[in-house]
Amino acid sequence: MKALEGVKILDMTHVQSGPTCTQLLAWFGADVIKVERPGVGDATRKQLVDVPGADSLYFTMLNHNKRSVTLNTKSDEGKAIFTRLIEECDVMVENFAPGALDRMGFSWEKIQEINPRMIYASVKGFGPGPYSDCKVYENVAQCAGGSASTTGMLGETPMVTGAQIGDSGTGLHLALGIVTALYQRTHSGKGQRVECAMQDSVLNLCRVKLRDQQRLKAGPLKEYSQFSEGIPFGEATPRAGNDSGGGQPGRILKCKGWENDPDAYTYFITQAAVWKNICDVIGKPEWKEDPEWATPEARLPKLNEMFGAIEDWTTTKTKFEVMEICNPLNIPVGPILSMKELAEEPSLRDTGTIVEVDHPERGAYLTVGCPIKLSDCPADVARSPLLGEHTDEILSEILGMNEDEIAAAKDVGAV
Ligand code: COA
């Protein structure tokens, strides 16, 4: 039995943030019923198409283990079916633009009236306030949540990250809110509203940068490279390049082959506890006891010189050799792995983190499996549904509609 077996989720999500959330819940065993507009479906089905006529990877990689029902929730007949689905389901998840479900006639008050046990979960760009009506996409959230202003090189343009912290990050937050509400319902018997704003989720992930904002009052942030370069701090947490966010200075350094390979780099952290090991490895044993280098405080004003010496060593080794040499000595390092390397990494295949999935329209493709491993609830990845693939099945199985009723709903364009 799966952890969330028996939980029925009415999945009104689209694009990335909401689908990330419901895909996770589906992996844990929930029955996720994706409601899509007849003939149209989730817009991502036809975005960034690589195989003509087939659902895109954008869609397939975010909608595994779900069932798809088409339903026009704006028509009277569609609304009647939708109401019955709300009665039968435990959770409803949506990430439409603000007010879209209210405009359809399904406000939170109305949903509670239909099913008081319903957990109604939403992603919006912003919480209540001046921007609550805005439509929001990933990079807007990264900018509005503090990530872009603190990412990138000092003195250069703010930068968004490749990690989809606005969309997938918010989806993760929402999934936690939903399972928490489901747990509370086991005591209270009642559903509740679960809301995650993308701005809030990004800010939550940028927590250490708000930490630094407040530390600025007490003086310069000495672990930032700009301190060692003598560049004064302004009023806000600056962009920190590849500096580590913790108290142990770290940077990305070139490795052997960097001239031709854009990913021949390693992250290298000068963990204070293993400083002597670092000195031995990089061929600077004299730095071990030298008061100019022996303590973290002594090193802070000369990070460029220190990392320069370390890089002189890392450029003589591949990023994997750096890993092999440093790991046994407890020196924290990490190779910069490309998507190609990750896709080909056998250990990620073994754990189900990278999975090959077969799809009737597009053939085999790779996806990221469930990153959360439960010992009693393996997450087997099943392909995403075709548009409306399960419409008849869901209408008859969950709502008990007979063939004639389903045909009649189709005739009026409700499904
Ligand atoms: N039947 C009938 N109509 C449907 C439907 C269905 N099954 N499913 C959706 N619709 C309608 C909605 O009711 C809405 O209609 P309305 O504008 O007349 O009220 C319309 O389709 C589209 O909704 P919308 O959410 O406005 O889509 P969009 O493509 O214009 O905007 C986003 C996309 C992502 C910007 C927007 O949904 C949003 O801001 N969402 C919240 C934040 C978010 O999740 N952003 C990240 C997405 S990864």
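Remember, predicted model here, so these are calculated numbers, not experimental data.

Student: I keep staring at the pattern of salt bridges and nothing clicks. Help me out?
Tutor: A side chain with one charge can pair with a side chain of the opposite charge if their charged atoms come near. For the coordinates displayed, the defined rule picks out 23 salt bridges. For Asp55, the salt bridge is made with Lys46, and the minimal N-O distance between the two is 3.5 Å. With a shortest N-O distance of 3.9 Å, Asp243 and Arg251 are connected by a salt bridge. When its relative accessible area of 16% is taken as the criterion, Asp243 is described as buried.

Student: Whenever I open this one, the sheet that holds strand E4 (residues 91-94) confuses me. Can you help?
Tutor: Two pairing modes exist for strands in a sheet, parallel and antiparallel, and in both the strands are linked by backbone hydrogen bonds. Reading across from one edge, E3-E2-E1-E4-E5-E6 is the order of the 6 strands in this open sheet, with parallel pairing throughout. Each of the sheet's edge strands pairs with one partner strand only, and the pair in question is strand E3 (66-70) and strand E6 (193-197). Neighbour-to-neighbour, the strand axes of this sheet turn through a mean angle of 20°, independent of strand direction. Against the sheet, helix H3 (residues 76-88) makes contact with strand E1 (8-12) and E4, and its axis sits at roughly 140° relative to E1, the strand it touches most.

Student: Looking at this model, I keep getting lost on the nonpolar core. Mind explaining?
Tutor: One broad rule of soluble globular proteins: the nonpolar side chains tend to lie buried together. Ranked by internal contacts, the top residues of the largest apolar core, which has 32 residues, are Ile9, Leu25, Val91, Val93, Leu174 and Ile178. Secondary-structure elements contributing two or more residues to this core are helix H1 (17-27), E4, strand E5 (119-124), helix H7 (167-188), E6 and helix H8 (198-205). Beyond its immediate stretch of four places on either side in the chain, Ile178 contacts Cys21, Leu25, Val91, Val93, Ala121 and Val194. Ranked by size, the runner-up nonpolar core spans 31 residues in total, among them Ile81, Trp108, Leu395 and Ala409.

Student: I tried to follow H7 on my own but got confused; where do I start?
Tutor: One turn of an α-helix holds 3.6 residues; hence residues three or four places apart share an orientation. Compared with the 32 Å implied by 1.5 Å per residue over 22 residues, the 31 Å span of H7 between its first and last C-alpha is a close match. As for H7, its buried residues are in contact with H1, E4, E5, helix H6 (138-144), E6 and H8. A positive phi of about 75° marks Gly189, the residue just after H7.

Student: How should the site of the ligand be read in this particular structure?
Tutor: Around the ligand there are 23 residues in total, and Leu71, Lys74, Ala97, Lys135 and Val136 lie nearest to it. In this structure, Lys74 approaches the ligand through a side-chain N or O atom, which is 2.7 Å from an oxygen atom. Burial of the ligand by the protein chains amounts to 84% of its free accessible area of 940 Å². Class assignment for the residues of the shell around the ligand results in 10 nonpolar, 7 polar and 6 charged.

Student: Looking at this structure, how should I read the sheet that holds strand E9 (residues 333-335)?
Tutor: Here 3 strands make up an open sheet; going across it, the order is E7-E8-E9 and the pairing antiparallel. At either margin of the open sheet sits one strand with a lone partner, and together these are strand E7 (250-254) and E9. When the angles between neighbouring strand axes are averaged without regard to direction, this sheet yields 20°. Alignment of strand E8 (residues 265-269) against E9, held across 3 bridges, turns out to be antiparallel. Residue Phe268 lies in a different strand from E9, and its bridge partner there is Val333. Sheet contacts for helix H13 (residues 303-314): E7 and E8; angle to E7, the most-contacted strand, approximately 40°. Packed on one face of the sheet, helix H14 (residues 319-326) meets E8 and E9 and runs near 155° to E9.

Student: Would you take a moment to explain the packing of H1 against H7 for this structure?
Tutor: The relative placement of two packed helices is expressed as an angle between their axes plus a distance between the axes. Relative to each other, H1 and H7 sit at 45°, their axes nearing to 7 Å. Considering the angle they form, H1 stands oblique to H7. In this structure, H1 crosses over H7, and the sense of that crossing is right-handed. Residue-level inspection shows Ser17, Thr20, Cys21, Leu24 and Leu25 of H1 in contact with H7, the latter providing Asp167, Ser168, Gly171, Leu172, Leu174, Ala175, Ile178 and Val179. Class assignment of the residues belonging to the contact of H1 with H7 gives a composition of 8 nonpolar, 4 polar and 1 charged.

Student: I keep staring at the packing of aromatic side chains and nothing clicks. Help me out?
Tutor: What describes a pair of aromatic rings is the distance from one ring centre to the other and the angle between the planes of the rings. On inspection of all chains with the given rule, the structure shows 6 aromatic pairs. Between Phe126 and Tyr131, the aromatic rings sit 5.2 Å apart at their centres with planes inclined by 50°, giving tilted as the arrangement. Judged by relative accessible area, which is 11%, Phe126 ranks as buried. A relative accessible area of 49% means that Tyr131 is categorised as partly exposed. With a centroid separation of 6.0 Å and 70° between ring planes, the pair formed by Tyr224 and Phe233 is classed as edge-to-face. Side by side, Tyr224 and Phe233 carry an identical accessibility label, which is buried. Taken together through their ring pairs, the aromatic side chains of Trp275, Trp287 and Trp293 make up a single cluster. Above the plane of the ring of Trp275 lies Arg299, whose end atom (NZ or CZ) is 3.8 Å from the centre. Stacked on the ring of Trp293, the Lys or Arg Lys302 has its end atom at 5.2 Å from the ring centre.

Student: Please clarify how the environment of Lys74 should be interpreted in this entry.
Tutor: In this structure, Lys74 sits in the loop between E3 and H3. C-alpha of Lys74 to C-alpha of Val381: the two residues are 307 residues apart in sequence and 32 Å apart in space. The contacts of Lys74, once residues within four sequence positions are left out, are Lys79 and Met104.

The rules behind the values
- Residues numbered from 1 in each chain as written.
- Predicted model: local features only at pLDDT ≥ 70, side-chain atom pairs only at ≥ 80, totals over all residues.
- Heavy atoms only, no water.
- Salt bridge = Lys/Arg side-chain N within 4 Å of Asp/Glu carboxyl O.
- Buried < 20%, exposed > 50% of the residue type's maximum accessible area, 1.4 Å probe, protein only.
- Pairing = 2+ DSSP bridges.
- Helix = DSSP H or I, 4+ residues; strand = E, 2+ residues; numbered from the N terminus.
- Axes fitted to C-alpha atoms, helices over the stretch in contact; angles between N-to-C directions.
- Contact = heavy atoms within 4.5 Å.
- Core = buried A, V, L, I, M, F, W, Y, C linked by side-chain atoms within 4.5 Å.
- Expected span 1.5 Å × (residues − 1).
- Near = heavy atom within 4 Å.
- Polar contact = N/O pair within 3.5 Å; in protein donor to acceptor, adjacent residues only side chain to side chain.
- Areas by Shrake-Rupley, 256 points an atom, 1.4 Å probe, with all protein chains shown as cover.
- Nonpolar A, V, L, I, M, F, W, Y, C, P; charged D, E, K, R; others polar.
- Parallel < 35°, antiparallel > 145°, perpendicular 65-115°, else oblique.
- Left-handed = near helix turned anticlockwise from the far one by under 90°.
- Phe/Tyr/Trp six-rings, centres within 6.5 Å; stacked < 30°, edge-to-face > 60°.
- Lys NZ or Arg CZ within 6 Å of the ring centre and 35° of its normal.

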